[in-house]
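# Examination of the molecular architecture
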Amino acid sequence: MSRTDTSDLMDFKAAEGAHVLSVYLQVHSAESEKVFQDSILSIPSSFTEQIEQEEFSECIDRVRKFLDRFEARGETLVIMCSPAGPLWVRQINVVLPNAVRWDKEPYWTPFVEALDEFEPYAVIVVEESQARLLIVSLGTTRELKVLDRRSGEELQDFLGRLTAVTEDLVRTECPNRLIVAGDRDFRSEFLRLAPFALQKLVIGNVGVPKNASAARIVELTDYIERAAERRFEVSQVDELIRLLEAHKKVAIGLPATLDALNAGQVWRLIYSEGFA
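These numbers come from a predicted model, not from an experiment. (Residues numbered from 1 in each chain as written. Predicted model: local features only at pLDDT ≥ 70, side-chain atom pairs only at ≥ 80, totals over all residues. Heavy atoms only, no water.)

Moving on: the sheet that holds strand β5 (residues 121–126). Spatially, five strands are ordered β7-β6-β5-β8-β9 in an open sheet, and the strand pairing comes out mixed. Each edge of the open sheet is held by one strand with a lone partner, namely β7 (140–148) and β9 (202–206). Averaged over all adjacent pairs, the angle separating strand axes in this sheet is 20°, with direction ignored. The sheet contact formed by β5 and strand β8 (residues 177–182) spans six bridges and is parallel. Residue pairing in the sheet places A122 in a bridge with L178 of β8. Sheet strands touched by helix α5 (residues 155–173): β5, β6 (130–137), β7 and β8. Its angle to β7, the strand with the most contacts, is close to 150°. Against the sheet, helix α6 (residues 184–193) touches β5, β8 and β9, its axis set at about 145° to β8. (Pairing = 2+ DSSP bridges. Helix = DSSP H or I, 4+ residues; strand = E, 2+ residues; numbered from the N terminus. Axes fitted to C-alpha atoms, helices over the stretch in contact; angles between N-to-C directions. Contact = heavy atoms within 4.5 Å.)

One pass over the structure, following the stated rule, counts 14 salt bridges. Notably, a salt bridge pairs K34 with D38, separated by 2.7 Å at the nearest N-O pair. Taken together, the positions of K34 and D38, both in helix α2 (residues 31–42) and four residues apart, correspond to about one turn of that helix. D38 sits in the partly exposed class, given a relative accessible area of 38%. Residues E119 and R177 are paired through a salt bridge, measuring 4.0 Å at the closest nitrogen-oxygen approach. (Salt bridge = Lys/Arg side-chain N within 4 Å of Asp/Glu carboxyl O. Buried < 20%, exposed > 50% of the residue type's maximum accessible area, 1.4 Å probe, protein only.)

Following the criterion strictly, the structure yields one cavity of 30 Å³ or more and no others. Roughly 40 Å³ of internal volume is contained in the largest cavity. Considering the residues around the largest cavity, the lining is formed by I124, T166, L178, V180, F190, L191, A194, L198, Q199 and V202. Of all the secondary structure elements, the ones that give two or more residues to the lining of the largest cavity are β8, α6 and α7 (196–199). (1 Å grid on protein atoms, 1.4 Å probe; cavity = no way out; pocket = protein on both sides within 12 Å on 5 of 7 lines; lining within 4 Å. Points joined across faces, edges and corners; volume = space filled by probe spheres on them.)

This paragraph deals with the packing of aromatic side chains. Using the criterion set out here, one finds eight aromatic pairs in the structure. When the ring of F47 is compared with that of F56, the centres are 5.4 Å apart and the planes differ by 70°; the resulting orientation is edge-to-face. We note that F47, like F56, is buried. When the centroid spacing of 5.4 Å and the interplanar angle of 90° are considered together, the rings of W88 and F111 count as edge-to-face. Placement of W88 in strand β3 (residues 88–92) and of F111 in helix α4 (residues 109–117) is noted, with a sequence separation of 23 residues between them. Assigned by exposure class, W88 and F111 land together as buried. Aromatic ring contacts, followed pair by pair, group F47, F56 and W102 into a single cluster. (Phe/Tyr/Trp six-rings, centres within 6.5 Å; stacked < 30°, edge-to-face > 60°.)

A few words now on helix α3 (residues 50–69). Owing to its 3.6 residues per turn, the α-helix aligns residues three or four sequence positions apart on the same side. Between its first and last C-alpha atoms α3 spans 30 Å; for 20 residues at 1.5 Å apiece the expected length is 28 Å, and the two agree. Of the positions making up α3, those classed as buried are E52, E55, F56, C59, I60, V63 and F66. Down the axis of α3, the smallest arc covering the buried residues is 130°, so these residues share one side. Away from its buried face, by an angle of more than 90 degrees, α3 presents the exposed residues Q50, D68 and R69. Packed against the buried residues of α3 are β1 (20–26), α2, β2 (76–81), β3 and β4 (99–103). (Expected span 1.5 Å × (residues − 1). Arc of directions from axis to C-beta.)

This part covers the packing of α2 against α3. The geometry of α2 relative to α3 is characterised by a closest axis approach of 11 Å and an angle of 165° between their N-to-C directions. With respect to their mutual orientation, α2 and α3 come out roughly antiparallel. Crossing geometry of α2 relative to α3 is assigned as left-handed. Facing α2, whose interface residues are F36, Q37 and I40, α3 presents F56, I60, V63, R64 and L67. Here the residues of the contact of α2 with α3 sort into six nonpolar, one polar and one charged. (Parallel < 35°, antiparallel > 145°, perpendicular 65-115°, else oblique. Left-handed = near helix turned anticlockwise from the far one by under 90°. Nonpolar A, V, L, I, M, F, W, Y, C, P; charged D, E, K, R; others polar.)

So yeah, pure geometry; function would need other evidence.
So this is what it looks like as structure tokens:
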């Protein structure tokens, strides 16, 4: 997860001691409404105090009012609501399971796992007369900048400007991975001139048709990012096993991991998909 991702989560703040209504709804699924209605009928059965029923009813009322004016722009709608705080809403172009939770903590697990699985990456498309910079995150593509080569500008100067813009993108958007695309000769020259700090973020380079749409660029680069994510995950597991064999402080297996969690000794937790 990038600094941008964690900052996004920190935007939601519930009052101390307040409950939080967490809602995940698939925008284009007929089942979503049934899950929501069934949940708001079943959840109150566990309440023991009138104040909790009132807080729950207030959150449900606020969520319903939002849904009445809601316009779909993604695949899944994520809502966090506490009685005294603001409504936290995100739409993402990733399908997550429908879920409604009422607890003293927001139910971040599906959202955080999606952030990890679809980690932001940047695509730099380099052509002779123009460069494009795009960011891809949670199934959504944003074209951040188009950099035109000036009349009579030397290639090295143009690529120098592109390097500066790319470095700014890394600072502001915080992608951990870059893909360089476009014309072979120009992308190769860009990589040759790029500083080491940028080069080490590059996970691949690929040709794309000139003037390709943003959607087409993602189609041609997505496999590179997915392969990089799988390599990273495998390397993390291999590193844990190596540390265990070296008798370092590593817990593997459910009992040992739970003991470490309960003792507050876990710095990094790795678990298989669906286990949470």
